[in-house]
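What follows is the residue order along each chain.
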Amino acid sequence: MATKTESRAIIIRPSQGWAALNLKDLWVYRELVYFMTWRDLKVRYKQTLLGASWAILQPFLTMVVFSIFFGELAKVPSDNVPYPIFSYTALLPWILFSKALQDASKSLVSSSHMITKVYFPRIILPLASILAGLVDFIIAFLVLLGMMWYYRIVPTPNIWTLPLFILLALTTAIGVGLWLSALNVLYRDINYATHFITQFWLFITPIAYPASMVPEQWKLVYALNPMAGVVEGFRWALLGSSDPPGLTLGVSVVVALFLLISGLFYFKRMERLFADMV
Amino acid sequence: MTTDHIAIRVEDLGKRYHIGTSMIKYRTLRETLSESFRTNRQFTKQDEDTIWALRHITFEVKQGQVLGVIGRNGAGKSTLLKILSRVTEPTEGLAEIHGRVGSLLEVGTGFHPELTGRENISLNGAILGMRRAEIERKFDEIVAFAEVEKFIDTPVKRYSSGMYLRLAFAVAAHLEPEILVVDEVLAVGDAEFQRKCLGKMSDVAKEGRTVLFVSHNMSAILRLTEETLVIDKGNLLLRAPSSEAIDFYLSHGLTQEGQKIWAKDEIPSNAHPFNPIAIRILNMTGKIMDTVRSVDPFMIEIEYELKESITGLRVGIYLVSARGEFVFTSFDTDELSQYERFAQRPAGRYISRCTIPANLLNEGRFMIGVNASSYKIRRYFQDEQALVFNVDPAGAPGMQWPEKRLGFIRPLLKWVIEENH
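Residues numbered from 1 in each chain as written. Chains lettered and ligands numbered in written order. Predicted model: local features only at pLDDT ≥ 70, side-chain atom pairs only at ≥ 80, totals over all residues.

Time to look at the overall build of chain A. Along the backbone of chain A there are 12 helices and one strand. Its helices and strands in sequence order give chain A the pattern α-β-α-α-α-α-α-α-α-α-α-α-α, from N to C terminus. In terms of overall dimensions, chain A is globule-like: its C-alpha atoms have a radius of gyration of 20 Å, near the 19 Å expected for 278 residues. By the burial criterion, 45% of the 278 residues in chain A qualify as buried. Partitioning the contacts of chain A with sequence separation of at least 6, the portion at a separation of at least 24 is 81%. (Helix = DSSP H or I, 4+ residues; strand = E, 2+ residues; numbered from the N terminus. Rg over C-alpha atoms; globule rule 2.2 N^0.38 Å. Buried ≥ 20, exposed ≤ 12 C-beta atoms within 10 Å, placed from the backbone. Contact = placed C-beta atoms within 7 Å.)

So, about the interface of chain A and chain B. The interface is formed by 36 residues belonging to chain A together with 44 residues belonging to chain B. Elements represented by at least two residues in the side of chain A that touches chain B include exactly α1 (2-6), β1 (10-12), α3 (30-46), α6 (112-115), α8 (162-186) and α12 (247-277) of chain A. Among the elements that line the side of chain A that touches chain B, the one with the most residues is α3(A), at seven residues. Of the residues in the side of chain A that touches chain B, the class split is 19 nonpolar, five polar and 12 charged. (Nonpolar A, V, L, I, M, F, W, Y, C, P; charged D, E, K, R; others polar.)

Attention now goes to the environment of B:Glu305. All names here are of chain B. Along the polypeptide, Glu305 turns up in strand β13 (residues 298-306). Overall, Glu305 belongs to the partly exposed group, with 13 C-beta atoms counted inside 10 Å. For the pair formed by Glu305 and Phe274, sequence separation is 31 residues and the distance between their alpha carbons is 6.2 Å. Apart from the residues within four sequence positions on either side, Glu305 is in contact with Asn275, Ile277 and Arg349.

Among the nonpolar cores identified, the biggest contains 101 residues, and A:Ile124, A:Ala169 and A:Ala173 are the most heavily contacted of them. If near-sequence neighbours (up to four positions away) are discounted, A:Ala169 is found in contact with A:Pro93, A:Leu96, A:Phe97, A:Met227 and A:Val230. B:Leu80, B:Leu84, B:Phe213 and B:Leu236 belong to the second-largest nonpolar core, a separate cluster that totals 43 residues. (Core = buried A, V, L, I, M, F, W, Y, C linked by C-beta atoms within 7 Å.)

So, about helix α5 (residues 83-110) of chain A. Here α5(A) spans 39 Å end to end across 28 residues, near enough to the 40 Å set by a 1.5 Å rise per residue. Taking burial as the measure, the 28 residues of α5(A) include 22 buried ones, the bulk of the element. (Expected span 1.5 Å × (residues − 1).)

This next bit is on helix α11 (residues 226-238) of chain A. Since one α-helical turn is 3.6 residues long, residues separated by three or four positions face the same way. Residue and element names in this part refer to chain A. Helix length check: α11 (13 residues) gives 18 Å between terminal C-alpha atoms against 18 Å at 1.5 Å per residue, within 8%. Counting buried positions along α11 yields 13 of 13 residues, so the element is predominantly enclosed. Following α11 by one or two positions, Gly240 has its phi on the positive side, about 65°.

Further remarks concern unusual backbone geometry. In this model, B:His272 is joined to B:Pro273 through a cis peptide bond whose omega is 10°. Along the chain, B:Pro273 turns up in the loop between β10 (259-261) and β11 (274-282). Look at A:Lys75: it is not a glycine, yet its phi comes out positive at around 55°. Within the element layout of this structure, A:Lys75 appears in the loop between α4 (54-73) and α5. A positive phi is found at B:Glu147, a non-glycine position, where the angle reads about 55°. Topologically, B:Glu147 is positioned in the loop between α6 (132-146) and α7 (161-173). Look at B:Glu147 and you get partly exposed, because 13 C-beta atoms sit within 10 Å.

On to the sheet that holds strand β6 (residues 179-183) of chain B. Residue and element names in this part refer to chain B. Taken in spatial order, the six strands make up an open sheet running β5-β6-β7-β3-β8-β9, and their pairing is mixed. This sheet does not close on itself; its edge strands, each paired only once, are β5 (101-103) and β9 (235-241). The sheet shows a mean angle of 20° between the axes of neighbouring strands, taken without regard to direction. Relative to strand β7 (residues 210-214), β6 runs parallel, the two being bridged by five bridges. Bridge pairing in β7 places Asp183 opposite Val214. (Pairing = 2+ DSSP bridges. Axes fitted to C-alpha atoms, helices over the stretch in contact; angles between N-to-C directions.)

With that settled, the discussion passes to the sheet that holds β11(B). All names here are of chain B. Pairing is antiparallel in the open sheet, where four strands are placed in the order β10-β11-β13-β18. Of all the strands in the sheet, the pair left with one neighbour each is β10 and β18 (348-356). On average, each strand axis in the sheet is inclined to that of its neighbour by 15°, with strand direction left out of account. Pairing of β13 with β18 involves nine bridges; the strand directions are antiparallel. Looking at β18, one finds that Leu306 is bridged to Gly348.

The structure is reproduced here in structure tokens:
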């Protein structure tokens, strides 16, 4: 027993400045990621009237509204795809992303009772709230398959790349989510900012309109928004309606990785203050 | 026994709080932005008020040792535990922990009312650092210990508070950490539950695991620990065998406040013309104490001001046990001669002081309530929970048997033993 405990010696000391990322700790606590994700899902659906159907209703009703106002009335082009499918395909990763931001930014503050009492890698909280959104995404995705069957649209052979685009959306969401959750502990008005950010972000992402509307000389600037790359990638892989990913996707990936890494470091740096401030 | 192995080594540990961060807590972004525009940050950083909640703490705990920690509120005990359980980071120094740290202050952490008992066991276990296999292995044991078999698939929001606590405690108790941290001050629950906590603690200690026990209950410290740290104002004052440490603590007036000064907003406007100022517990030399010895007399005084003269005023105290039972009531004009002399009390400042005789109260925590009234005319002021204090049994009659005595009073009675051979 003595040797066993010996090997587990933990050294507690002040972390200096931009602390090194302790990803090993996250691995030790990997089961907690699963449990917290599971808790978030369970609680969410137990407390709501319509339960899991929210996962379908939100994108579906948004799609209906978009189809009427942008598709029918404003006659926004949709790259020769029926507008409902065109917008729904984009809404799936978008809702995954925007929900992730909102849930992640609240995750630390709403679990303050845990943070002030037990040690665990704090990063699990925003991470779990983001992963819980994946289940909603899968449910809503089944509806998309139904719609594609209805419109007789066959997915392109590039559908295998879809998980990569989901990964890109998650990377972006985790990066921004880490920033927002940590900032929210320090400044409670971040909550308002989160709403504004997601609203603003919705307009700079080609959801209600095709990315082909963006003038050629602005394409690279436009790609600085990784979600533009995700949405275009979704349409390309599923509907074959957008240009194949190229340099713009590369820009999106670089920006997403930058957000993730900077988010991780900022979160890590602020982590030691959480218990004292939350 | 592996008595030579170190379980906890703390070296020059310190924790500094910025008053700005610990007191005001979070701020808004707007405040921070406007501050950073207004002032030069380099200067404010230096000037900011800071408090050392803990400083220059150095000690070692061997494996299997039960170490007590005592000190008044705000002395830094809880900060120490928080650092050792990695909830918060130290500002300087270093701590070395060998083994898993579990704590009984984590009881119920992460419990969600919407989830069932079964789900909460899994979740809570994972939060406390248990593996899934470990939770599954101990599941039946936990359920049996908590006595909630029938309700295991019911959401815990439908549990009685007793069931909830039992379940929460059962999970924490089955964590089997190598090092157990207990903060009695923070422990919630009724006397029965606290007894269970202490029982579990001594079990753990008997199994040869390390325990760090923080308490205001001197008799529990004496019963359960061999050595004790005395902490005051963030400094480690003494490490000594527990009886010696408690003696030092009690005799140096290191106990907590023992005084309540009523703030303006605590005094209802209809108290006029009676204006309460403070209530204090004093030892016989006039020093404010919050822990008194059962074997020593002590004084309780109420300071107040009358804005106008009052007829038939009586100012008095209720003594209430920690569980809310009345022990006694007493007024400053109980004695007939006093009653006649103070039939009319003119405006002015007063102190009503009484002496509680030696060998009256049993060990434990008591509450003092205050009442100022004129019989059948008017109640001017009442504060049912004005002050809390502890009675320590050191040296009390019957202490040769280190058991807890039942009852609120512990009189020294004259016994005669008749011998008939």
